[in-house]
Amino acid sequence: MSNEELCALAKMAMENAYAPYSGYRVGAALLTKSEKVYTGCNIENASYSPTVCAERTAIFKAVSDGERDFLKIAVAGGKDGKITGEFPPCGVCRQVMAEFCDENFKILVVNGNNAYTEYCFSEILPFSFNPKHIK
Ligand code: THU
């Protein structure tokens, strides 16, 4: 699975976003080390705080399916489904990544130029609190 293919799946996952409050449609596509892909979208809620991001939807789908070893995630998002720039993972999603992903995990953030920027997990969440600290 190429980075471009993973980004295309993230963009497709934006279509299922449930975002009646913000209008921001977000999609994610997570590649496991076993070469499976789990997609996710953001799912909002009238009470706002139960909203879940696309990245966590994808990660939780994978974990609930027995997968815990991940290589990379692609993320795409924008107002009304239009990608005008990078839509990077929020802090809560980064913390969820810290639970399952090592420092070499890659985050492909789709941008408005029909391309993506690749980030390393250690770059987007340095000095993370993770399972190593409570073992
Ligand atoms: N959102 C994501 O899906 N991923 C992120 O990492 C950032 C934010 C969603 C949550 C909410 O539905 C909308 O984007 C606006 O914040």
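Small disclaimer: the values here were computed from a predicted structure and weren't measured.

Caption draft 1: Representation of the site of the ligand within the structure. Around the ligand lies a shell of 13 residues, among which Asn 42, Glu 44, Ala 54, Glu 55 and Cys 90 are the nearest. At 2.9 Å, a side-chain N or O of Asn 42 approaches an oxygen atom of the ligand. In the model, an oxygen atom of the ligand is placed 2.5 Å from a nitrogen or oxygen of the Glu 44 side chain. The fraction of the free accessible surface of the ligand (370 Å²) that becomes covered by protein chains is 81%.

Caption draft 2: Focus on the sheet that holds strand β2 (residues 37–41). With respect to topology, 5 strands assemble into an open sheet ordered β2-β1-β3-β4-β5, the strand pairing being mixed. Each edge of the open sheet is held by one strand with a lone partner, namely β2 and β5 (116–120). Taking each pair of neighbouring strands and ignoring which way they run, the sheet shows an average axis angle of 20°. With 9 bridges connecting them, strand β1 (residues 24–32) and strand β3 (residues 70–79) associate as antiparallel partners. Paired with Leu 30 across the strands is Ile 73, a residue of β3.

Caption draft 3: Structural detail: unusual backbone geometry. Non-glycine residue Asp 80 carries a positive phi angle of around 55°. Structurally, Asp 80 is set in the loop between β3 and α3 (91–100). Of note in the backbone geometry, Asn 114 takes a positive phi value of approximately 60° without being a glycine. In this fold, Asn 114 is placed in the loop between β4 (106–110) and β5.

Caption draft 4: A look at the environment of Lys 11. Considering the arrangement of structural elements, one finds Lys 11 in helix α1 (residues 3–13). Residue class for Lys 11 comes out partly exposed when judged on its relative accessible area of 28%. As a C-alpha pair, Lys 11 and Ala 58 span 47 residues in sequence and 13 Å in three-dimensional space. Those residues within four positions of Lys 11 in sequence are excluded, and the remaining contacts are Ala 76, Ile 83, Val 110 and Asn 114.

Calculation notes
Residues numbered from 1 in each chain as written. Predicted model: local features only at pLDDT ≥ 70, side-chain atom pairs only at ≥ 80, totals over all residues. Heavy atoms only, no water. Near = heavy atom within 4 Å. Polar contact = N/O pair within 3.5 Å; in protein donor to acceptor, adjacent residues only side chain to side chain. Areas by Shrake-Rupley, 256 points an atom, 1.4 Å probe, with all protein chains shown as cover. Pairing = 2+ DSSP bridges. Helix = DSSP H or I, 4+ residues; strand = E, 2+ residues; numbered from the N terminus. Axes fitted to C-alpha atoms, helices over the stretch in contact; angles between N-to-C directions. Buried < 20%, exposed > 50% of the residue type's maximum accessible area, 1.4 Å probe, protein only. Contact = heavy atoms within 4.5 Å.

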